[in-house]
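# Per-entry structural report
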Amino acid sequence: MDNDKFTILISNDDGIYAKGINVLYETIAKRYPSVYVVAPDRNQSAASHCLTIEYPIRVQPLPQTNFIAVRGTPTDSVYLAVNELINPMPKVVLSGINEGPNLGDDVIYSGTVAAATTGRWLGLPAVAISLCGRNNYDTAAFFALKILTNLSTCPMPSNQILNVNVPDIPLSEIKGIKITRLGTRAASDSVIKALDPRGKTVYWVGPQGKAVDCAEDTDFFAVRNGYVSVTPLHIDLTSYRVLDELSSWANHL
Ligand code: MN
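Read on for a plain summary of the structure. All figures in this text were calculated on a predicted structure; none of them were measured in a lab. (Residues numbered from 1 in each chain as written. Predicted model: local features only at pLDDT ≥ 70, side-chain atom pairs only at ≥ 80, totals over all residues. Heavy atoms only, no water.)

This part is about a nonpolar patch on the surface. There is a patch of nonpolar side chains on the surface, built from L51, I53 and Y79 and spanning about 350 Å² of accessible area. Along the chain, I53 turns up in the loop between β2 (35-40) and β3 (59-61). Residue classification places I53 among the exposed positions, given a relative accessible area of 75%. (Patch = residues over 30% accessible without salt bridge, like charges linked within 9 Å, V, L, I, M, F, W, Y side chains within 5 Å. Areas by Shrake-Rupley, 256 points an atom, 1.4 Å probe, with all protein chains shown as cover. Salt bridge = Lys/Arg side-chain N within 4 Å of Asp/Glu carboxyl O. Helix = DSSP H or I, 4+ residues; strand = E, 2+ residues; numbered from the N terminus. Buried < 20%, exposed > 50% of the residue type's maximum accessible area, 1.4 Å probe, protein only.)

Below is the structure:
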(Lines give C-alpha, C1' and ligand atoms only; values in the text may rest on other atoms or scores of the structure.)
Protein backbone atom coordinates (compact mmCIF):
# COMPACT_ATOMS: atom_id res chain seq x y z
CA MET A 1 0.00 0.00 0.00
CA ASP A 2 1.10 3.55 -0.75
CA ASN A 3 2.21 5.06 2.59
CA ASP A 4 1.36 8.60 1.38
CA LYS A 5 -2.33 7.76 1.14
CA PHE A 6 -2.47 5.73 4.31
CA THR A 7 -3.86 8.27 6.78
CA ILE A 8 -3.45 7.22 10.39
CA LEU A 9 -5.28 8.52 13.45
CA ILE A 10 -3.54 8.35 16.82
CA SER A 11 -5.43 8.89 20.05
CA ASN A 12 -5.31 7.76 23.68
CA ASP A 13 -6.74 8.51 27.09
CA ASP A 14 -3.58 9.85 28.80
CA GLY A 15 -4.08 13.12 26.94
CA ILE A 16 -2.38 14.81 24.01
CA TYR A 17 0.62 16.00 26.08
CA ALA A 18 1.47 12.54 27.44
CA LYS A 19 4.83 11.06 26.54
CA GLY A 20 3.45 7.84 25.08
CA ILE A 21 1.24 9.43 22.42
CA ASN A 22 4.11 11.69 21.33
CA VAL A 23 6.63 8.84 21.07
CA LEU A 24 4.08 6.88 19.03
CA TYR A 25 3.51 9.86 16.72
CA GLU A 26 7.25 10.41 16.16
CA THR A 27 7.80 6.74 15.35
CA ILE A 28 4.84 6.38 12.99
CA ALA A 29 5.32 9.77 11.26
CA LYS A 30 8.87 8.79 10.28
CA ARG A 31 7.41 6.07 8.05
CA TYR A 32 3.95 7.40 7.17
CA PRO A 33 3.54 11.05 6.11
CA SER A 34 -0.16 11.37 6.86
CA VAL A 35 -0.53 10.98 10.63
CA TYR A 36 -2.94 12.90 12.89
CA VAL A 37 -3.14 13.05 16.65
CA VAL A 38 -6.57 13.85 18.07
CA ALA A 39 -6.81 13.27 21.81
CA PRO A 40 -8.21 14.70 25.06
CA ASP A 41 -6.56 17.86 26.39
CA ARG A 42 -6.03 16.16 29.75
CA ASN A 43 -5.69 12.71 31.31
CA GLN A 44 -8.90 10.74 30.84
CA SER A 45 -7.64 7.33 31.92
CA ALA A 46 -10.45 4.93 32.92
CA ALA A 47 -12.96 6.98 30.89
CA SER A 48 -13.98 3.81 29.02
CA HIS A 49 -16.52 4.59 26.24
CA CYS A 50 -17.79 7.82 27.80
CA LEU A 51 -19.34 10.15 25.21
CA THR A 52 -20.01 13.81 25.99
CA ILE A 53 -23.63 14.51 25.16
CA GLU A 54 -24.65 17.10 27.76
CA TYR A 55 -22.14 19.78 26.67
CA PRO A 56 -20.66 21.00 23.41
CA ILE A 57 -17.16 19.72 22.65
CA ARG A 58 -14.44 22.28 21.90
CA VAL A 59 -11.35 21.42 19.89
CA GLN A 60 -8.03 23.24 19.77
CA PRO A 61 -5.46 22.74 17.02
CA LEU A 62 -2.00 22.81 18.65
CA PRO A 63 1.15 24.48 17.26
CA GLN A 64 2.47 21.03 16.36
CA THR A 65 1.16 20.21 12.88
CA ASN A 66 -1.65 17.63 12.78
CA PHE A 67 -2.24 17.74 16.55
CA ILE A 68 -5.76 18.60 17.75
CA ALA A 69 -6.64 18.72 21.46
CA VAL A 70 -10.22 17.87 22.38
CA ARG A 71 -11.97 19.05 25.51
CA GLY A 72 -13.66 15.70 25.85
CA THR A 73 -13.09 12.00 26.24
CA PRO A 74 -11.04 9.53 24.17
CA THR A 75 -14.27 8.31 22.54
CA ASP A 76 -15.29 11.90 21.71
CA SER A 77 -11.85 12.41 20.15
CA VAL A 78 -12.02 9.41 17.82
CA TYR A 79 -15.66 10.05 16.97
CA LEU A 80 -14.91 13.67 15.97
CA ALA A 81 -11.64 12.86 14.23
CA VAL A 82 -13.10 10.16 12.00
CA ASN A 83 -16.46 11.77 11.27
CA GLU A 84 -15.42 15.40 10.97
CA LEU A 85 -11.90 16.59 11.66
CA ILE A 86 -9.64 14.47 9.45
CA ASN A 87 -9.81 14.49 5.68
CA PRO A 88 -9.40 12.08 4.03
CA MET A 89 -10.86 9.70 6.57
CA PRO A 90 -8.18 7.70 8.41
CA LYS A 91 -7.52 4.12 7.35
CA VAL A 92 -6.54 2.91 10.80
CA VAL A 93 -6.74 4.00 14.45
CA LEU A 94 -3.87 3.54 16.88
CA SER A 95 -4.58 4.18 20.54
CA GLY A 96 -1.57 4.65 22.78
CA ILE A 97 1.07 4.32 23.87
CA ASN A 98 -0.66 4.10 27.20
CA GLU A 99 1.27 4.60 30.42
CA GLY A 100 0.54 1.37 32.27
CA PRO A 101 -0.98 -1.96 31.26
CA ASN A 102 -4.47 -2.76 30.00
CA LEU A 103 -4.66 -6.42 30.91
CA GLY A 104 -7.62 -8.68 31.69
CA ASP A 105 -10.57 -6.79 33.16
CA ASP A 106 -8.77 -3.45 32.68
CA VAL A 107 -10.16 -3.41 29.13
CA ILE A 108 -13.65 -2.66 30.46
CA TYR A 109 -12.56 0.61 32.08
CA SER A 110 -9.78 1.50 29.68
CA GLY A 111 -10.04 4.68 27.63
CA THR A 112 -7.15 3.36 25.52
CA VAL A 113 -9.16 0.31 24.49
CA ALA A 114 -12.31 2.46 24.09
CA ALA A 115 -10.57 4.78 21.63
CA ALA A 116 -9.65 1.72 19.57
CA THR A 117 -13.11 0.15 19.73
CA THR A 118 -14.69 3.46 18.72
CA GLY A 119 -12.48 3.38 15.64
CA ARG A 120 -13.61 -0.17 14.97
CA TRP A 121 -17.28 0.77 15.31
CA LEU A 122 -16.67 3.49 12.75
CA GLY A 123 -15.42 0.80 10.39
CA LEU A 124 -11.65 1.10 10.82
CA PRO A 125 -9.06 -1.43 11.89
CA ALA A 126 -7.82 -0.40 15.33
CA VAL A 127 -5.04 -1.27 17.73
CA ALA A 128 -4.67 -0.35 21.42
CA ILE A 129 -1.06 -0.27 22.63
CA SER A 130 -0.08 -0.11 26.29
CA LEU A 131 3.31 -0.13 27.97
CA CYS A 132 3.33 -2.04 31.27
CA GLY A 133 5.20 0.81 32.95
CA ARG A 134 6.51 4.24 32.02
CA ASN A 135 10.11 3.80 30.92
CA ASN A 136 10.63 1.92 27.66
CA TYR A 137 8.20 3.70 25.31
CA ASP A 138 10.57 2.97 22.40
CA THR A 139 9.98 -0.76 22.83
CA ALA A 140 6.22 -0.29 22.53
CA ALA A 141 6.62 2.10 19.57
CA PHE A 142 8.73 -0.48 17.75
CA PHE A 143 5.95 -3.07 18.00
CA ALA A 144 3.23 -0.53 17.15
CA LEU A 145 5.04 0.22 13.89
CA LYS A 146 5.56 -3.48 13.18
CA ILE A 147 1.87 -4.23 13.72
CA LEU A 148 0.79 -1.23 11.65
CA THR A 149 3.03 -2.29 8.76
CA ASN A 150 1.53 -5.76 8.89
CA LEU A 151 -2.01 -4.34 8.98
CA SER A 152 -1.40 -2.13 5.95
CA THR A 153 -0.41 -5.14 3.84
CA CYS A 154 -2.41 -7.90 5.50
CA PRO A 155 -5.82 -6.76 6.81
CA MET A 156 -7.28 -8.16 10.02
CA PRO A 157 -10.64 -9.91 10.27
CA SER A 158 -13.39 -7.29 10.73
CA ASN A 159 -15.09 -6.50 14.03
CA GLN A 160 -11.95 -7.13 16.05
CA ILE A 161 -9.49 -4.83 17.66
CA LEU A 162 -6.03 -5.81 18.83
CA ASN A 163 -5.16 -5.11 22.44
CA VAL A 164 -1.38 -4.98 22.68
CA ASN A 165 0.54 -4.89 25.97
CA VAL A 166 4.29 -4.47 25.92
CA PRO A 167 6.59 -5.32 28.86
CA ASP A 168 8.47 -2.27 30.15
CA ILE A 169 11.91 -3.56 29.18
CA PRO A 170 14.48 -2.70 26.48
CA LEU A 171 13.74 -4.08 23.02
CA SER A 172 16.76 -6.41 23.17
CA GLU A 173 15.20 -8.21 26.16
CA ILE A 174 11.81 -8.89 24.51
CA LYS A 175 11.42 -12.63 23.92
CA GLY A 176 8.79 -12.42 21.17
CA ILE A 177 5.08 -11.93 20.54
CA LYS A 178 2.31 -14.13 21.99
CA ILE A 179 -1.32 -14.19 20.88
CA THR A 180 -3.24 -14.37 24.14
CA ARG A 181 -6.64 -14.31 25.79
CA LEU A 182 -7.60 -11.89 28.55
CA GLY A 183 -6.83 -13.04 32.07
CA THR A 184 -8.82 -11.75 35.03
CA ARG A 185 -8.12 -9.63 38.07
CA ALA A 186 -9.50 -9.78 41.59
CA ALA A 187 -11.99 -6.99 42.20
CA SER A 188 -10.38 -3.78 43.36
CA ASP A 189 -11.38 -3.28 46.99
CA SER A 190 -9.23 -0.50 48.35
CA VAL A 191 -10.84 2.88 48.70
CA ILE A 192 -8.33 5.48 49.88
CA LYS A 193 -9.77 8.08 52.23
CA ALA A 194 -8.16 11.46 52.76
CA LEU A 195 -8.96 14.95 54.04
CA ASP A 196 -9.01 17.95 51.73
CA PRO A 197 -7.35 21.24 52.90
CA ARG A 198 -10.70 22.34 54.36
CA GLY A 199 -11.12 19.18 56.41
CA LYS A 200 -13.69 17.44 54.21
CA THR A 201 -13.36 13.74 53.51
CA VAL A 202 -12.46 12.81 49.95
CA TYR A 203 -11.89 9.43 48.36
CA TRP A 204 -9.50 7.96 45.82
CA VAL A 205 -10.20 4.82 43.84
CA GLY A 206 -7.43 2.43 44.87
CA PRO A 207 -5.17 0.36 42.63
CA GLN A 208 -6.42 -2.50 40.45
CA GLY A 209 -6.81 -5.96 41.95
CA LYS A 210 -4.07 -8.54 41.51
CA ALA A 211 -4.16 -10.99 38.59
CA VAL A 212 -6.25 -14.05 39.44
CA ASP A 213 -6.38 -15.91 36.15
CA CYS A 214 -2.86 -15.59 34.80
CA ALA A 215 -2.59 -19.02 33.15
CA GLU A 216 -0.09 -19.66 30.39
CA ASP A 217 -2.36 -18.54 27.54
CA THR A 218 -3.25 -15.18 29.14
CA ASP A 219 -2.06 -11.64 28.54
CA PHE A 220 -0.78 -11.43 32.14
CA PHE A 221 1.47 -14.46 31.67
CA ALA A 222 2.89 -13.19 28.38
CA VAL A 223 4.00 -9.78 29.65
CA ARG A 224 5.33 -11.20 32.93
CA ASN A 225 7.54 -13.50 30.94
CA GLY A 226 8.96 -10.89 28.58
CA TYR A 227 6.59 -11.34 25.62
CA VAL A 228 4.48 -8.75 23.84
CA SER A 229 0.85 -9.77 24.36
CA VAL A 230 -1.61 -9.39 21.47
CA THR A 231 -5.24 -10.14 22.36
CA PRO A 232 -8.02 -9.91 19.77
CA LEU A 233 -11.09 -8.26 21.32
CA HIS A 234 -14.66 -7.95 20.11
CA ILE A 235 -17.48 -6.08 21.72
CA ASP A 236 -20.31 -8.61 21.76
CA LEU A 237 -20.68 -9.11 25.52
CA THR A 238 -23.48 -11.68 25.14
CA SER A 239 -22.87 -14.70 27.33
CA TYR A 240 -23.62 -17.36 24.67
CA ARG A 241 -22.79 -20.16 27.10
CA VAL A 242 -25.87 -19.51 29.22
CA LEU A 243 -28.39 -18.53 26.51
CA ASP A 244 -30.16 -21.94 26.66
CA GLU A 245 -30.00 -22.16 30.43
CA LEU A 246 -31.46 -18.68 30.73
CA SER A 247 -34.31 -19.58 28.36
CA SER A 248 -35.31 -22.43 30.70
CA TRP A 249 -34.94 -20.11 33.69
CA ALA A 250 -37.14 -17.52 31.96
CA ASN A 251 -39.89 -20.14 31.49
CA HIS A 252 -40.46 -19.88 35.24
CA LEU A 253 -41.04 -16.13 35.15
MN1 MN B 1 -4.30 5.90 30.23
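That shown, we press on.
Our next topic: the layout of surface pockets. In this model, the largest pocket occupies a volume close to 650 Å³. Counting only elements with at least two residues in the lining of the largest pocket, the list comes to β5 (92-99), α3 (106-109) and α4 (111-121). Counted by class, the lining of the largest pocket contains seven nonpolar, 13 polar and seven charged residues. Estimates place the volume of the second largest pocket at around 380 Å³. Together, 17 residues line the second largest pocket, and V107, I108, L182, H234 and L237 are the ones closest to its centre. Sorting the residues of the lining of the second largest pocket by element identifies α3, α4 and β13 (227-233) as the ones contributing at least two each. In terms of residue class, the lining of the second largest pocket is made up of nine nonpolar, five polar and three charged. (1 Å grid on protein atoms, 1.4 Å probe; cavity = no way out; pocket = protein on both sides within 12 Å on 5 of 7 lines; lining within 4 Å. Points joined across faces, edges and corners; volume = space filled by probe spheres on them. Nonpolar A, V, L, I, M, F, W, Y, C, P; charged D, E, K, R; others polar.)

Examined against the element boundaries, T201 turns out to sit in strand β11 (residues 201-205). On the accessibility criterion, T201 (40% relative accessible area) is partly exposed. With near-sequence residues (within four places) excluded, T201 lies in contact with K193, A194 and L195. (Contact = heavy atoms within 4.5 Å.)

Packing of helix α2 (residues 74-85) against α4 brings their axes to within 8 Å, and their N-to-C directions diverge by 25 degrees. Comparing their axes, α4 and α2 come out roughly parallel. Handedness of the crossing formed by α2 with α4: right-handed. Residues P74, T75, V78 and Y79 of α2 form the contact with α4, whose own contacting residues are G111, A114, A115, T118 and G119. Considering only residue class, the contact of α2 with α4 consists of five nonpolar, four polar and no charged. (Axes fitted to C-alpha atoms, helices over the stretch in contact; angles between N-to-C directions. Parallel < 35°, antiparallel > 145°, perpendicular 65-115°, else oblique. Left-handed = near helix turned anticlockwise from the far one by under 90°.)

Attention now goes to the pairing of strand β6 (residues 126-132). Where a strand is regular, its side chains alternate between the two sheet faces. Taken across its seven residues, β6 has six buried, putting it largely inside the fold. The pairing of β5 with β6 spans five bridges and is parallel. Bridge pairing in β6 places E99 opposite L131. Bridging between β6 and strand β7 (residues 161-167) involves six bridges; their strand directions are parallel. (Pairing = 2+ DSSP bridges.)

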